[in-house]
Amino acid sequence: MTCEVCVVGSLNFDQIAYVSKFPKPGETIYGKKFVTGFGGKGANQCVMAAKMGAKTAMVGALGSDDIARITLANMASCGVNTEGILQKEGVASGVAPITVGEDGQNSIIICPGANLELTPADVEAQKEAIQSSKVLLCQNEVPPRTTLAAMRV
């Protein structure tokens, strides 16, 4: 696989709840709206580079769940080469529950899941994509040793 931009990083599934006010500890409130979206700094960078016309490849990890299936489909539909996105058995894909208040303030909980299972060996297996690219993007949302391995390839 050859590409112009190779991204080694995170893929998350955002779960966004819009609220009138943030709940206090122990309080349950009603939300105004709920939406989902695809995220992760790595995935976002890769998709935007593809939308700008670059030939892109993503190296990352998803779990063995429905989120992985729809994330892979989304990345492919955006023109991203997904050969380097691995599915890790027995672990969930990364998710980011986000609460957004009326004033635009937010709180985010990142549950990295499979993102933390991406290994230096996984990156080495994608050596062709990394070495053929003109640009390598990393965001430090995967283990530091994995990011370092990508930069050393």
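A brief look at the structure comes next. Computed from a predicted model, the values in this text were never measured in an experiment. (Residues numbered from 1 in each chain as written. Predicted model: local features only at pLDDT ≥ 70, side-chain atom pairs only at ≥ 80, totals over all residues. Heavy atoms only, no water.)

### Regarding the overall build of the chain
Per the secondary structure count, the chain includes 5 helices and 8 strands. Across the chain, helices and strands are ordered from the amino to the carboxyl terminus as β-β-β-α-β-α-β-β-β-α-α-β-α. Rg of the C-alpha trace for the chain: 17 Å, near the compact-globule value of 15 Å for 153 residues, within the 12% margin. With the principal axes as the frame, the chain shows a C-alpha extent of 50 × 30 × 25 Å. Contacts in the chain between residues far apart in sequence, at least 24 positions, make up 71% of those at least 6 positions apart. Accessible surface, the chain: about 8,100 Å² in total, of which carbon and sulfur atoms supply 55%. Side chains of the chain carry 13 positive and 14 negative charges; the gap between the two charge centres is 5 Å. (Helix = DSSP H or I, 4+ residues; strand = E, 2+ residues; numbered from the N terminus. Rg over C-alpha atoms; globule rule 2.2 N^0.38 Å. Contact = heavy atoms within 4.5 Å. Areas by Shrake-Rupley, 256 points an atom, 1.4 Å probe, with all protein chains shown as cover. Lys, Arg positive; Asp, Glu negative; His and termini not counted. Charge placed at Lys NZ, Arg CZ, Asp CG, Glu CD.)

### A short note on the sheet that holds strand β4 (residues 56-62)
In sheet architecture, strand pairing relies on hydrogen bonds along the backbone and comes in two forms, parallel and antiparallel. Pairing in this open sheet of 4 strands is parallel, and the strands run β5-β4-β1-β8 from one edge to the other. Among the strands making up the open sheet, the edge pair consists of β5 (80-87) and β8 (135-138). Taken pair by pair, the neighbouring strands of this sheet meet at an average axis angle of 15 degrees, ignoring direction. In this sheet, β4 lies alongside strand β1 (residues 5-8) in parallel orientation, the contact comprising 4 bridges. If you follow Val 5 over to β4, its bridge partner there is Thr 56. Of the strands in this sheet, β1, β4, β5 and β8 touch helix α1 (residues 41-51), which is tilted by about 160 degrees from β4. (Pairing = 2+ DSSP bridges. Axes fitted to C-alpha atoms, helices over the stretch in contact; angles between N-to-C directions.)

### Re the sheet that holds strand β3 (residues 33-39)
With respect to topology, 4 strands assemble into an open sheet ordered β3-β2-β6-β7, the strand pairing being mixed. Each having just a single partner strand, β3 and β7 (106-108) make up the two edges of the open sheet. Between one strand axis and the next, the sheet turns by 20 degrees as a mean value, whatever way the strands run.

### Points about the packing of aromatic side chains
Enumeration according to the criterion identifies 1 aromatic pair in this entry. Residues Phe 13 and Phe 38 carry aromatic rings whose centres are separated by 5.7 Å and whose planes lie at 70 degrees to one another, so their mutual orientation is edge-to-face. Note that Phe 13 is positioned in strand β2 (residues 12-18) and Phe 38 in strand β3, a separation of 25 residues in sequence. Over the aromatic face of Tyr 18 sits the side chain of Lys 33, whose NZ or CZ is 5.0 Å from the ring centroid. (Phe/Tyr/Trp six-rings, centres within 6.5 Å; stacked < 30°, edge-to-face > 60°. Lys NZ or Arg CZ within 6 Å of the ring centre and 35° of its normal.)

### Here's the deal with the pattern of salt bridges
Applying the stated criterion to the full structure yields 5 salt bridges. With its nearest N and O atoms 2.8 Å apart, the salt bridge here joins Lys 21 to Glu 27. Given a relative accessible area of 31%, Glu 27 falls into the partly exposed group. In this structure, the salt-bridge partner of Glu 102 is Lys 32, at a minimum N-O distance of 2.7 Å. (Salt bridge = Lys/Arg side-chain N within 4 Å of Asp/Glu carboxyl O. Buried < 20%, exposed > 50% of the residue type's maximum accessible area, 1.4 Å probe, protein only.)

Any functional reading would require information beyond the geometric quantities listed.
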